[in-house]
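Notes for the structure review
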Amino acid sequence: METTDAFVGLTCVDCGATFDAETATHRCPDCDGILDPDYDYDRIDLTPETLDARPEGSMWRYDELLPFPAETAVSLGEGATPLVECPGLADAMGVGRVLLKDEGANPTGTFKDRGQAAAMTAAREHGASEVALNSAGNAGQAAAAYAARADLDAHVFLPSRAGFTQKAMTEVHGADLTVTDPVDGGSQIGDAGAAYAEAMDDHPEWYSTKTFVTPYRHEGKKTMALEFLAQLDWEAPDAVVYPTGGGVGLVGIHKAAQEARDLGWTEELVPMYAAQAAGCAPVVRAYESGAERHEPLANDKVDTACNGIAIPDPGASHLILEAIRESDGGAVATTDREILDAAIEVARAEGLEMGATCAAAASGAFELADRGEFGPDDTVVLLNTGAGNKDVDALRAHLGEREAEADEGDGA
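Residues numbered from 1 in each chain as written. Predicted model: local features only at pLDDT ≥ 70, side-chain atom pairs only at ≥ 80, totals over all residues. Heavy atoms only, no water.

Per an unreviewed UniProt entry, the protein chain is named Threonine synthase, and its organism is Halorubrum miltondacostae. UniProt's Cofactor (unreviewed entry) comment on the protein chain is quoted here verbatim: "pyridoxal 5'-phosphate". (UniProt positions renumbered as here; feature names shortened; annotations may be inferred.)

Here it is in structure tokens:
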């Protein structure tokens, strides 16, 4: 494997064992825990001034803090997404600044591209020829795109509730797509996970790029934090509100914030707030109860139209909760109506397009502001993890319902 100078291997977050990255490819060989890339930070001779002088390019401008160098990366130019001022939202929330980190600008329209770029690079470095994963939708599309870039065959397992765009583009990129329960439209990500697991048993040679099975997806996504910190002149914001399903990006952002603080680039951690849909909020419930891990939600109890965060059993909830608590953040759940209303408000107040799922960050921020969680001078960053056109049907349907209700009110 060709790796960066500081990357020294993988550490299990559960048992603490360490492994060589060439031989340990996925979960911990000792306890099946999650592996996390480790670095010798003394080897990193880098300052914010040096970083700021570099051209934007992609997320690989931060490759000293990534396992693989930019020149070997499987890349489509992911990263370098804008951080957009939202003065109308700041006024509405009663805070100093609201900024939206717009991950919809990535090649396949979501932040999933960052994780798949890193995971697909690892797959190629390990000599894989076929990759596989299950996904709620966007990660499957991203995996198909990056597998095509890396000249790898991809096997993608999606639930029937995944969006048409994600299903269609997965096939357009040439991946082998399996949609679970396509007839009645009722399957969830857990059903796609079961189909993926069965296929992996039959094809052990397939290389997984599944969330927290590969050690590299959260590592790629940590570059979101390095970017917004640089865009804020290395001043940590007072809050980052993140739409949370599996929580891969939240865990990655927290890791990058710790690295930036420990390297002396920032003074404080970034307070992380997990935003979920009320109809599928296992992390919020665990946070509010003081638990260290979530209680899984049965598939038939999932009640949200927000496909991307309809994750009833997030496997790394202990890492999500640890990140929230270590950073002095929090967790919030809002209804689907509030989430979809927030997406429309952002579009009309700021001209920015948030995916229906992603708007949980905006509605969550409004709720946190109403609770008095933010101060009048605070800087709040919203993570827009995907483009609005990923969920255009849900957004337009909700707008139609609002208009119909308004017409009924006028007629009364």
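Moving on: helix α11 (residues 317–326). Most of α11 sits out of view: 7 of its 10 residues are buried. Among all positions in α11, only Ser317, His318, Leu319, Ile320, Leu321, Ala323 and Ile324 are buried. Those residues of α11 that are buried lie in contact with α9 (248–262), β11 (272–277), α10 (282–289) and β12 (330–334). A positive backbone phi angle near 60° is found at Asp328, which sits one or two residues after α11. (Buried < 20%, exposed > 50% of the residue type's maximum accessible area, 1.4 Å probe, protein only. Helix = DSSP H or I, 4+ residues; strand = E, 2+ residues; numbered from the N terminus. Contact = heavy atoms within 4.5 Å.)

Our focus in this paragraph is the environment of Pro159. Here Pro159 is to be found in strand β7 (residues 153–159). Between the C-alpha atoms of Pro159 and Glu288, which are 129 residues apart in sequence, the distance is 29 Å.

For the rest of this paragraph, the subject is the sheet that holds strand β6 (residues 130–134). Hydrogen bonds between backbone groups are what pair the strands of a sheet, and the pairing can be parallel or antiparallel. Read across the open sheet, the 4 strands follow the order β8-β7-β6-β9; overall the sheet is parallel. Edge strands, defined here as strands with exactly one partner in the open sheet, are β8 (176–180) and β9 (207–208). In this sheet, β7 lies alongside β6 in parallel orientation, the contact comprising 5 bridges. The residue of β7 that forms the bridge with Leu133 is Val156. Here helix α5 (residues 164–172) sits on the sheet in contact with β7 and β8, set at roughly 165° to β7. (Pairing = 2+ DSSP bridges. Axes fitted to C-alpha atoms, helices over the stretch in contact; angles between N-to-C directions.)

Look at helix α8 (residues 223–231) against α9: their axes get within 7 Å of each other, and the N-to-C directions meet at 55°. Put simply, α8 runs oblique to α9. In this structure, the crossing between α8 and α9 has a hand that is right-handed. Contacts between α8 and α9 involve Met224, Ala225, Leu226, Phe228 and Leu229 from the former and Gly249, Ile253, Ala256 and Ala260 from the latter. When the residues that make up the contact of α8 with α9 are grouped by side-chain class, the tally is 8 nonpolar, 1 polar and no charged. (Parallel < 35°, antiparallel > 145°, perpendicular 65-115°, else oblique. Left-handed = near helix turned anticlockwise from the far one by under 90°. Nonpolar A, V, L, I, M, F, W, Y, C, P; charged D, E, K, R; others polar.)

Moving on, we come to a negative patch on the surface. Together, Glu49, Asp52, Glu56, Asp233, Glu235, Asp238, Glu267, Glu268 and Asp377 give the surface a local cluster of negative charge. Looking at Asp238, the relative accessible area reads 35%, which means it is partly exposed. (Patch = residues over 30% accessible without salt bridge, like charges linked within 9 Å, V, L, I, M, F, W, Y side chains within 5 Å. Areas by Shrake-Rupley, 256 points an atom, 1.4 Å probe, with all protein chains shown as cover. Salt bridge = Lys/Arg side-chain N within 4 Å of Asp/Glu carboxyl O. Lys, Arg positive; Asp, Glu negative; His and termini not counted. Charge placed at Lys NZ, Arg CZ, Asp CG, Glu CD.)

With that settled, consider the side chain of Ser363. Mapping Ser363 onto the fold places it in helix α13 (residues 360–370). Relative accessible area serves as the criterion here: at 5%, Ser363 is assigned to the buried category. Ignoring any residue separated from it by four or fewer positions in sequence, one finds Ser363 in contact with Thr334, Glu338, Ile339 and Ala342.

What follows is about the sheet that holds strand β5 (residues 97–102). The strand order β4-β5-β13-β10-β11-β12 describes an open sheet built from 6 strands, whose pairing is mixed. Looking at which strands have only one partner, the edges of the open sheet turn out to be β4 (83–85) and β12. Taking the axes of each pair of neighbouring strands and ignoring which way they run, one obtains an average angle of 25° across the sheet. When β4 meets β5, the two strands line up antiparallel, connected through 3 bridges. Bridged to Val84 within β5 is Leu100.

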